[in-house]
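Report on the structure
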Amino acid sequence: MTWTDEELVARSISGDADSFNELIRRWERPIYALAYRTIGREEDARDVCQETFLRAFRALQGFRGQAKFSSWLYRIALNLCHDWIRRERRTPVVQAPEDVDLMALAAAAGPSESVEDLLARKDLTRAVERAMALLPDEQRTAIVLKEYHDLTFQEIADLVGCPLSTVKTRLYQGLTVLRRELAKSGGSERPRLRSVAGRTS
Amino acid sequence: MRDTHCDYSGDRDEALVAYLYDDIDPAARALFDAHLTTCAACRDELSGLAGVRARLGRWLPPERQPAAASRSSPATSHQSPATRRTWWREIPAWAQAAAALLFLGVAAGIANFDARYDSSGLSVRTGWSKRAESAVPAPVRGPETNAPWRSDIAALEQRLRAEIGRSNNAGTTLASVATRPDRPAAALDAETLGRVRSLIGDSERRQQRELALRVAEIMRDVNAQRQADLVKIDRSLGLMQNNAGMEVLKQRELLNYVLRTSQRQR
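Residues numbered from 1 in each chain as written. Chains lettered and ligands numbered in written order. Predicted model: local features only at pLDDT ≥ 70, side-chain atom pairs only at ≥ 80, totals over all residues. Heavy atoms only, no water.

1. A short note on the overall build of chain A
This is how it is decided: Numbering of helices and strands starts at the N terminus; helices are DSSP runs of H or I of at least 4 residues and strands are runs of E of at least 2. We call two residues in contact whenever any of their non-hydrogen atoms come within 4.5 Å of each other. All accessibility values rest on the Shrake-Rupley procedure with a 1.4 Å probe; residue burial counts only the protein chains present in the view.
When you go through chain A residue by residue, the secondary structure sums to 10 helices and 1 strand. The contacts of chain A with a sequence gap of at least 6 include a subset with a gap of at least 24, amounting to 60%. On chain A, roughly 10,000 Å² of surface is accessible, and the fraction owed to carbon and sulfur atoms is 50%.

2. Quick word on the confidence of the model for chain B
Any segment with low pLDDT has predicted coordinates that should not be analysed in fine detail. Residues and elements named next belong to chain B. Definition in use: What pLDDT reports is the predictor's confidence in each residue, on a scale of 0 through 100.
For chain B, mean pLDDT is 68; residues scoring 70 or higher make up 52% of the total. Looking at the elements of chain B, mean pLDDT is at its lowest for helix H5 (residues 74-77), recorded as 33, and at its highest for helix H1 (residues 12-20), recorded as 93. In this model residues 126-148 is a low-confidence stretch, pLDDT under 50, and it forms 45 contacts with partners more than four residues away in sequence or in other chains. Confidence drops under pLDDT 50 across residues 171-181; counting only partners more than four residues distant or on other chains, this segment forms 23 contacts.

3. Quick look at the packing of aromatic side chains
Which entries qualify depends on this criterion: Pairing of aromatic side chains here covers Phe, Tyr and the six-membered ring of Trp, requires ring centres within 6.5 Å, and sorts the geometry by plane angle: under 30 degrees stacked, over 60 edge-to-face, intermediate tilted. Type-normalised accessible area, obtained with a 1.4 Å probe on protein chains alone, sets the label of each residue: buried when under 20%, exposed when over 50%, and partly exposed for intermediate values. Over a ring means this: the NZ of a Lys or the CZ of an Arg is within 6 Å of the ring centre and within 35 degrees of the ring normal.
Tallied over the full model, the rule gives 11 aromatic pairs over all chains. Arranged with centres 6.4 Å apart and planes meeting at 50°, the rings of Tyr36(A) and Trp59(B) form a pair that is tilted. Here Trp59(B) lies in the loop between helix H3 (40-57) and helix H4 (67-70) and Tyr36(A) lies in helix H2 (residues 17-39), a pairing that spans two chains. Considered together, Tyr36(A) and Trp59(B) belong to a single accessibility category, that of buried residues. Ring centres of Phe69(A) and Trp72(A) lie 5.8 Å apart, and the angle between their planes is 45°; on these two criteria the pair is classed as tilted. Of the two residues, Phe69(A) and Trp72(A) both sit in helix H4 (residues 69-89), 3 residues apart, roughly one turn of that helix. Of the two residues, Phe69(A) and Trp72(A), neither departs from the other in class, the shared state being buried. Taken together, the aromatic side chains of Tyr32(A), Tyr36(A), Tyr148(A) and Trp59(B) make up a single cluster linked through ring pairs. In this structure, Arg37(A) packs its charged tip against the face of Trp59(B), placed 5.8 Å from the ring centre.

4. Concerning the nonpolar core
The nonpolar side chains of a soluble globular protein tend to be buried with one another. Cut-off, in case you're wondering: We define the nonpolar core as a collection of buried residues of types Ala, Val, Leu, Ile, Met, Phe, Trp, Tyr and Cys that are connected through side-chain atoms lying within 4.5 Å of one another.
In terms of nonpolar packing, the biggest core is built from 74 residues, with Phe69(A), Met132(A), Leu175(A), Leu178(A) and Leu56(B) touching the most fellow members. Broken down by element, this core gets its largest block of residues, 11 residues, from H4(A). With near-sequence residues (within four places) excluded, Leu56(B) lies in contact with Val128(A), Met132(A), Ile143(A), Glu147(A), Tyr148(A), Leu175(A) and Leu178(A).

5. A closer look at the packing of helix H7 (residues 137-149) of chain A against helix H8 (residues 153-160) of chain A
Residue and element names in this part refer to chain A. Note the following rule: A fitted line through C-alpha atoms serves as each axis, taken over the contacting stretch for helices, and the angle formed by two N-to-C directions is quoted from 0 to 180°. These descriptions rest on fixed angle ranges, namely under 35 degrees for roughly parallel, over 145 for roughly antiparallel, 65 to 115 for roughly perpendicular, and the rest for oblique. The crossing is said to be left-handed when, going from far helix to near helix, the turn is anticlockwise and less than a right angle, and right-handed when the turn is clockwise. Note on residue categories: nonpolar means Ala, Val, Leu, Ile, Met, Phe, Trp, Tyr, Cys or Pro, charged means Asp, Glu, Lys or Arg, and polar means any other residue, Gly included.
Where H7 contacts H8, the axes come no closer than 10 Å and their chain directions differ by 135°. With respect to H8, the element H7 is oriented oblique. Viewed along their axes, H7 and H8 form a crossing whose handedness is right-handed. Contacts between H7 and H8 involve Thr141, Ala142, Leu145 and Lys146 from the former and Phe153, Ile156, Leu159 and Val160 from the latter. Residue classes in the contact of H7 with H8 are distributed as 6 nonpolar, 1 polar and 1 charged.

6. Quick word on unusual backbone geometry
One non-glycine residue, Asp150(A), lies in positive phi territory at about 55°. Its location among the elements puts Asp150(A) in the loop between H7 and H8. Looking at Asp150(A), the relative accessible area reads 65%, which means it is exposed. Phi at Asp22(B) is positive, roughly 55°, even though this residue is not glycine.

7. Description of the packing of H7(A) against H3(B)
At a closest axis distance of 11 Å, the pairing of H7(A) and H3(B) adopts a crossing angle of 75°. What the angle tells us is that H7(A) and H3(B) run roughly perpendicular. Residue-level contacts link Ile143(A), Glu147(A) and Tyr148(A) of H7(A) to Arg53(B), Leu56(B) and Gly57(B) of H3(B). In the contact of H7(A) with H3(B), the residues fall into 3 nonpolar, 1 polar and 2 charged.

Here it is in structure tokens:
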């Protein structure tokens, strides 16, 4: 039997630990993806993801079901991401340890994905990451939630606490900046929007 | 970007975004459809933004296996989903603290690893943050800022100690969930140790892969810089050869002049 999120929450509150594990299994990937695209660093996104579930677990008693569980979880994750961004901006760079033999370490590494593949993938996404990094937090958040989590404008508005029209404006402004920046980095892409392609032809 | 000739009656930007994401009510869609048939500017912009969406669609987070699947030890992998427990709930708080501290220590060493080969030679830097040019100027801080992760480690340690304290008092906290009376203590210890090792192994593999990537990037940068240097050297050599040739020509002309003058005097 498949339980809904809200049913799993109720069971978790009543002491069924496996129900909370099921919630983690369901939402771990989306939360990690949200964190990664918001803060841009794999390891830190993992930390944010774990911290999100820890906080959710601790605050589960306070969850009254006013919003969907996923929205509640997204809000926790976004708050943690914004905390991380604030903290990161005031942290200085440190010097590398001098006694690290980089070549020996690299030679000993056995990556599951080849370095060449990794480089190709990095090159492919670097332009997008750079362009996204230029956006103000609120525009980036709106784009990530809409583009990758398929939330409606209304859901995003409820989640970030702003009017519906503001969400659309942020998306428009953010996409316009991205368009300009991606054009600078070169390369073009054919539109994949089925609705646009179909309706404008 | 916006064409001033667009005469859409409503809020054009909002309508365009709603249409782009197909999150629009039917009446508004019909209105915008009709508008698109006559407005080239909106058609162009819609197409451009759809292209942006296509690029965004290729931005994937690095591969990540679910914690429940990737972090289970072989000892628990045979368990049914109903009885499987998430890794962090089964590991005692002290082990979580040890693994976290170790991970932070390793990560602090090579996080944000940055190596450059330029006119000033090869330089290597690491850190938690972006490079200085992309960040807000750092405030002047005391000597302890040379190792910013120390405060993170201390904070984490404090948190985990608090967690341990709570778990000792309350019977339903994370660590205590794992302690089941039907399992011998030795088995639990072995299992825990295995998981901590697995965690550390995962962490090391990730760090090594990241390092290999960085080294490959360095090699690429070094090659690019070498090519640029070679071109520069080639140009300099050409210039020198040219100068030398000019000098030889001058000497030859001078010699000819001297010879001509001496022949005339005879």
